[in-house]
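# Chain and residue survey
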Protein chains: 2
Amino acid sequence: MADIRGRIGAGRLAPNDRLPSIRRLAVELSVSPSTVVEAYDRLSAEGLIRPRPGSGFFVTEAGRTPAPLVRLDPPRAPEVDPFWVARQALDADPGTSKPGCGWLPPDWMPTALLHAGMRNVLRQATSLTTDYGPSRGSAGLRRFVETRLRQQSITLSEDQVLLAGSATQALDLACRLLLRPGDRVIVDDPCYFNFQTLLRAHQAIAIPVPYTENGPDIAAFEAAVARETPRLYLTNSGLHNPTGATLSPQVAFQLLGIVARSDMLVVEDDIFSDFEPEPAITLATLDGLSRVIRIGSFSKTISASLRTGFIAADPERIRLLTDLQVAIQFGGPSQVATEAIQSVLSSGGYRKYLEQLHRRLDTERRATATRLGDLGIHPVLMPRGGPYLWCRMPDGVSSTALAQAALPQGVVLAPGNVFSPSLSADGFMRFNVSHMGDIRPFRVLERALKTMG
Amino acid sequence: MADIRGRIGAGRLAPNDRLPSIRRLAVELSVSPSTVVEAYDRLSAEGLIRPRPGSGFFVTEAGRTPAPLVRLDPPRAPEVDPFWVARQALDADPGTSKPGCGWLPPDWMPTALLHAGMRNVLRQATSLTTDYGPSRGSAGLRRFVETRLRQQSITLSEDQVLLAGSATQALDLACRLLLRPGDRVIVDDPCYFNFQTLLRAHQAIAIPVPYTENGPDIAAFEAAVARETPRLYLTNSGLHNPTGATLSPQVAFQLLGIVARSDMLVVEDDIFSDFEPEPAITLATLDGLSRVIRIGSFSKTISASLRTGFIAADPERIRLLTDLQVAIQFGGPSQVATEAIQSVLSSGGYRKYLEQLHRRLDTERRATATRLGDLGIHPVLMPRGGPYLWCRMPDGVSSTALAQAALPQGVVLAPGNVFSPSLSADGFMRFNVSHMGDIRPFRVLERALKTMG
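Residues numbered from 1 in each chain as written. Chains lettered and ligands numbered in written order. Predicted model: local features only at pLDDT ≥ 70, side-chain atom pairs only at ≥ 80, totals over all residues. Heavy atoms only, no water.

An unreviewed UniProt entry annotates chain A as PLP-dependent aminotransferase family protein originating from Rhizobium rosettiformans W3.

Below is the structure:
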């Protein structure tokens, strides 16, 4: 029963497909034919399959699994499924070392400021802790986001920001508004792995364009736009995930020119802006929210538990996104989250925390690069900020094999191919330097490389 | 410019549609033709429209608004848009009276227990307040949900529950997994208004079936299944929203028989279960999560700010839903929320709070029914629990007109048609008795009814 359920769940058996004959499955699974007969009978009773007299058993509509997420075509080995890192990192046992994860360790986060913010919420009106939030999120935090965007030279009026549950939820909202099944979306190669799973969930087609140390390869970008007439370009244009590269103003300008000559839009996920040593030139800086939809959050530098993200876009899109958020979430983000975050942001301590964080990351980045260098693993570039180092493996070493060897030893790594829609990054790996402070990942890497060499 | 943007936003002008001629729009808006020329020029510069020499201006693809939410066909007057109540209730000024909203007032909520729970979280490991939650939600709260479902006679194994951000998000996840554009979904008439907006967001077609005091009209349900081959039946089968009716075991049994003979599934949103004086017979009770997907939350009786919902379904669907949640949300619900809620649930105080809440609602329900009766507004039935009274208006009174008259006087009401996919409930209104404790709504109703009479 589990075998057939698995085949249906994975989409290998679709509604109206015929099941293997009883004899064949019995041989295949090394069980007796009567076991298969009983399994088929029970699955029929459940309604998942149905006998057709004289022609065998068939999958019913109830066995349909229309989730776009499971239709991985061409099928990929589980080791390069973009979910791999997310699953391993989110569901790791306590004590696991996670240089593959995308966030800072708890003891790097501004816990004292956050807890003070939460205690502050507990002292205020009880409606904050019990009631739904306003549909666009708290006015106070929205004002704060507006000011911050204006500091990044993005002009906007007061009806251009919507608060959402997180940057991921904001991205999902934007995709729901803008995409239809079959739409093409340009993504960077490599890119944040969840962009791929998100697009798959929207039944959109990811069109990879190589990313360079200055931004996307402009010739390849232009060719892809001409060839595919994409609906969107989805990117992190501040500190790029996973490479840590920074978009140059020249590339940004050329790219927006190509975008303006087509009918496409840009969704720019700028969640690493608080890791920037100075405000970056992003696509929204040049475009001013006409063709660019800007997304951000506070999950990376304040809390990934009390999460809030935001979308900045033209007022009409914000109105539509607000309705959409009510439909799929009812109300804006938790007021406990928005108030606590606003409390952290408006404290003088947050600025100091960021300065300290930048210094600490600079130190760890250099130290990690040196120690990885001793193992023959070299950063492709030195980012100007943020937690990531995108590194080239020693010749002939598969980062996927390395990550699989490290996992049973309690170390979660992020092999290059989870970030590469074209699966061309098996010779690369992303390291989160904030998780490289202890000796364990280096020991595990050293041992695994020796075995492979 | 605002006028044209509005037409495009509302879908009245689609890509490749020709804009009104300059002369015609100038007359229509009582402005000079040169004003229209300038507006069209600016909109062209923005890329929203484009001139075609000799044939006028046309909407470009950039003006496309594919959000299913805005394609209201046939167009509805704003007053009966299912979003109406949600918007008014979520974004009301402080001090507004909200008998139209779906939740309890802050001073009815178990604030002391909740705040104790939050303080408890602040004393625990900092990872709870800073880190992402596990992909299926905290193990502790999942165990709690499993136990509760077993107490409701629903048998399940330990991989059949997924925690989500809220019941609304859980519903959205289930719809994403199960629905494709154009799928038909049976809903109750009347039903929770957000079911309609949610289905519209999924481009699914709501098929209304009349709801009776014992559940859906079985003959109409059977006919709709035969006629429409629906993919789903979406319902609150515990205390029904908005009517407060309770599904009878006989109707539940007949309904599941019809479901079993078709290829459809049931999504059962049971968010009012903690308002039940005793566990109700629901569809999942009889079906045991084979064709039923059960959804619930704690937002109504613990907190709508620290929200957590859950889905119980067969293990394979839970696996797919977990991946989907990672794609669109990254990680499970906030650990601050799950830990605080678990803390409330496991305190002896919660049981006492519920007993007190039931008594208080019983008292308010009777008092509200009496006072509404004096105005000629009569409950269609007396629910066995919960905050709602579904009432018939005096003859000839439109509940929509009444709600619109009450709004400027600071009272948000819930006119019947927002709940009715067939728009056949203008003679009904839903009252939330927990918001009827002060005299204001009654005064406003009395005055408005006099003006209308």
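From this point, the discussion proceeds with the structure in view.
## With respect to the pairing of strand β5 (residues 205-212) of chain B
All names here are of chain B. Condition: Any two strands between which DSSP finds at least two bridges are classified as paired. What counts as a helix is a DSSP run of H or I of at least four residues, what counts as a strand is a run of E of at least two, and both are numbered from the N terminus. Crossover handedness is defined here as right-handed if the route from the first strand over the helix to the second strand goes clockwise, with the strands pointing away from the viewer.
Inspection of the sheet shows strand β4 (residues 184-189) paired to β5 by six bridges, in the parallel sense. Within β5, the position partnered with V185 by the bridge is A206. Following the backbone out of β4, through helix α9 (residues 193-201) and into the adjacent parallel β5, one traces a crossover that is right-handed. The antiparallel hairpin formed by β5 and strand β6 (residues 215-216) contains two residues in its connecting segment.

## Some remarks on the environment of B:A92
Residues and elements named next belong to chain B. This is how it is decided: Each residue's exposure class comes from its accessible area (1.4 Å probe, protein chains only) as a fraction of the maximum for that residue type: buried when under 20%, exposed when over 50%, partly exposed otherwise.
Within the fold, A92 resides in the loop between α4 (83-90) and α5 (111-123). The class of A92 is partly exposed, set by a relative accessible area of 25%. Distance from A92 to G385, taken between C-alpha atoms, is 27 Å for residues 293 residues apart in sequence.

## Focus: the packing of aromatic side chains
Stated formally: Only the six-membered ring of Trp is used, alongside the rings of Phe and Tyr, when aromatic pairs are assigned; centres must lie within 6.5 Å, and planes under 30 degrees apart are stacked while those over 60 apart are edge-to-face, with the rest tilted. The criterion is that NZ of a Lys, or CZ of an Arg, lies within 6 Å of the ring centre and within 35 degrees of the ring normal, and then a charge sits over that ring.
Applying the stated criterion across every chain yields a total of 30 aromatic pairs over all chains. With a centroid separation of 5.9 Å and an interplanar angle of 75°, the aromatic rings of A:F330 and B:W103 are classed as edge-to-face. Of the two residues, A:F330 sits in the loop between α13 (315-329) and α14 (335-345) while B:W103 sits in the loop between α4 and α5, which places them in two different chains. We classify A:F330 as buried; its relative accessible area is 4%. When the ring of B:F221 is compared with that of B:Y233, the centres are 4.9 Å apart and the planes differ by 80°; the resulting orientation is edge-to-face. Residue B:F221 is found in helix α10 (residues 218-228), and its partner B:Y233 is found in strand β7 (residues 232-235); the two are separated by twelve residues along the sequence. When sorted by exposure, B:F221 lands in the same class as B:Y233, which is buried. A network of ring pairs unites the aromatic residues A:W103, A:Y192, A:F193, A:F195, A:W390, A:F419, A:F428, B:Y132 and B:F330 as a single cluster. Of note, A:R52 hangs over the ring of A:F58, and the distance from its end group to the ring centre comes to 4.0 Å. Seen from the ring of A:F442, A:R371 lies directly overhead, with NZ or CZ sitting 4.3 Å from the centre.

## Comments concerning unusual backbone geometry
Across the junction of A:N241 and A:P242, the peptide omega takes the value 10°, indicating a cis bond. Tracing the backbone shows A:P242 in the loop between β7 (232-235) and α11 (249-261). With an omega dihedral of 5°, the bond running from B:D189 to B:P190 counts as a cis peptide bond. Assignment of secondary structure puts B:P190 in the loop between β4 and α9. Positive phi values are uncommon outside glycine, yet B:S30 reaches one of about 55°. Assignment of secondary structure puts B:S30 in the loop between α2 (22-29) and α3 (33-46).

## Focus on the environment of B:D374
One can find B:D374 in helix α15 (residues 348-374). Between the alpha carbons of B:D374 and B:E446 there is a distance of 9.5 Å; along the sequence they are 72 residues apart.

## So, the sheet that holds strand β13 (residues 414-415) of chain B
Residues and elements named next belong to chain B. Convention followed: Throughout, a contact is declared for two residues whenever any of their heavy atoms are within 4.5 Å. Here an axis means a line fitted to C-alpha atoms, over the contact stretch when the element is a helix, while the angle between two N-to-C directions is reported on a 0 to 180 degree scale.
With respect to topology, four strands assemble into an open sheet ordered β11-β12-β14-β13, the strand pairing being antiparallel. The open sheet has two edge strands, β11 (378-379) and β13, and neither has a second partner. For β11 and strand β12 (residues 388-392), the ladder comprises two bridges, and the chain directions are antiparallel. Note that in β12 the partner of H378 across the bridge is R392. Strand contacts of α15: β11, β12 and β14 (428-432), with the helix running at about 20° to β12, the strand carrying the most contacts. Helix α16 (residues 399-406) rests against β13 and β14 of the sheet, and its axis sits at about 45° to β14.

## Quick look at the interface of chain B and chain A
Interface extent is often summarised as the accessible area lost during association of the parts. This is how the line gets drawn: Two parts placed together each lose some accessible area under a 1.4 Å probe, and the buried area is that loss summed for both. Basic side-chain nitrogens of Lys or Arg form a salt bridge, by our definition, when they fall within 4 Å of a carboxyl oxygen of Asp or Glu. Think of a polar contact as two N or O atoms within 3.5 Å of one another; within protein, one of them needs to be a possible hydrogen donor and the other a possible acceptor, and neighboring residues in sequence only count if both atoms come from side chains.
Facing 81 residues of chain B, the contacting portion of chain A comprises 80 residues. On the chain B side of the interface with chain A, the three residues burying the most area are B:L122, B:Y132 and B:F330, jointly 10% of the side's total. Counting across the interface, chain B meets chain A through six salt bridges. The salt bridge partner of A:D172 is B:R176, with a shortest N-O separation of 2.5 Å. Linking chain B with chain A are 33 residue pairs in polar contact (both at pLDDT 80 or more). With nine residues, helix α13 (residues 315-329) of chain B is the largest single contributor of residues to the side of chain B that touches chain A.

## Some details on the domain arrangement of chain A
How we decide: Note: domain ranges come from an automatic or database domain assignment.
Taken as a whole, chain A is organised into domain 1 (2-66), domain 2 (78-108 + 350-452) and domain 3 (111-347). The C-alpha centroid of domain 3 of chain A is placed 44 Å from the C-alpha centroid of domain 1 of chain A.

## Section: the relation of the copies chain B and chain A
Going by this rule: The atoms used to superpose the copies are C-alpha atoms, taken from residues with pLDDT of at least 70 in both, and the fit is least squares.
Placing chain B over chain A gives an RMSD of 0.1 Å and needs a rotation angle of 180°, together with 0.0 Å of translation along the axis. Seen this way, the second copy is the image of the first under a two-fold rotation axis. Taking the C-alpha atom as reference, chain B places B:R119 closest to the rotation axis, 4.0 Å from it. Taken as a fraction of all interface residues of chain B, those also at the interface in chain A reach 98%, which identifies the copy contact as same-surface.

## Structural notes on the packing of helix α4 (residues 83-90) of chain A against α13(B)
Operational definition: Any angle that is under 35 degrees is reported as roughly parallel, and any over 145 degrees as roughly antiparallel; angles of 65 to 115 degrees are reported as roughly perpendicular and all others as oblique. Basically, the charged four are Asp, Glu, Lys and Arg, the nonpolar ten are Ala, Val, Leu, Ile, Met, Phe, Trp, Tyr, Cys and Pro, and anything else, Gly included, counts as polar.
For the pair α4(A) and α13(B), the least separation of the axes is 11 Å and the interaxial angle reads 95°. When the interaxial angle is binned, α4(A) and α13(B) end up roughly perpendicular. In contact with A:F83, A:A86, A:R87 and A:L90 of α4(A), α13(B) contributes B:D323, B:V326 and B:A327. Of the residues contributing to the contact of α4(A) with α13(B), the split by class is five nonpolar, no polar and two charged.

## Focus: the pairing of strand β9 (residues 292-297) of chain B
Here is the key point about a regular strand: its side chains alternate between the two faces of the sheet. Residues and elements named next belong to chain B. For β9, the tally of buried residues reaches six of six residues, placing the bulk of the element in the interior. Side chains of β9 alternate between two faces, with V292, R294 and G296 and I293, I295 and S297 buried alike. Alignment of strand β8 (residues 265-269) against β9, held across four bridges, turns out to be parallel. Among the inter-strand pairings, V267 is bridged to a residue of β9, identified as I293. With four bridges connecting them, β9 and strand β10 (residues 309-312) associate as antiparallel partners.

## Digging into the pattern of salt bridges
The tally for this structure, following the rule as stated, stands at 39 salt bridges over all chains. Close ionic contact of A:R87 with B:D323 constitutes a salt bridge, the shortest N to O distance being 3.1 Å. Pair noted here: A:R87 is in helix α4 and B:D323 is in helix α13, and the two residues belong to different chains. Residue A:R87 is classed as partly exposed on the basis of its relative accessible area of 29%. On the basis of relative accessibility, which here comes to 11%, the residue B:D323 falls in the buried class. The residue A:D263 makes a salt bridge to B:R50 at a minimum N-O spacing of 3.6 Å. Of this pair, A:D263 sits in the loop between α11 and β8 (265-269) while B:R50 sits in strand β1 (residues 49-52), each in a different chain. What makes A:D263 partly exposed here is its relative accessible area of 24%. One network of salt bridges, in which partners are shared, links A:D3, A:R7, A:R24 and A:E28.

## Regarding α9(B)
Residue and element names in this part refer to chain B. Across the nine residues of α9, nine count as buried, placing the element largely inside the fold. Turning to α9, its buried residues number three or more, namely F193, N194, F195, Q196, T197, L198, L199, R200 and A201. The first or second residue beyond α9 is Q203, which carries a positive phi of 55°.

## Re the side chain of A:T301
Residue and element names in this part refer to chain A. Position of T301 relative to the elements: it lies in the loop between β9 (292-297) and β10 (309-312). Given the relative accessible area of 3%, T301 is considered buried. Among all residues touching T301, those that are not within four sequence positions of it are M109, P110, D274, F275, Y350, Y353, L354 and L357.

## Points about the packing of helix α8 (residues 167-178) of chain A against α13(A)
All names here are of chain A. Convention followed: Note on convention: the crossing is left-handed when the near helix lies turned anticlockwise from the far helix by less than a right angle, right-handed when the turn is clockwise.
In the contact formed by α8 and α13, the axes pass within 10 Å of each other and the chain directions differ by 110°. What the angle tells us is that α8 and α13 run roughly perpendicular. Relative to α13, the crossing made by α8 is right-handed. In this structure, α8 contributes Q169, L173, A174, R176, L177 and L178 to the contact, and α13 contributes R317, L320, L321, L324, Q325, I328 and Q329. In terms of residue class, the contact of α8 with α13 is made up of eight nonpolar, three polar and two charged.

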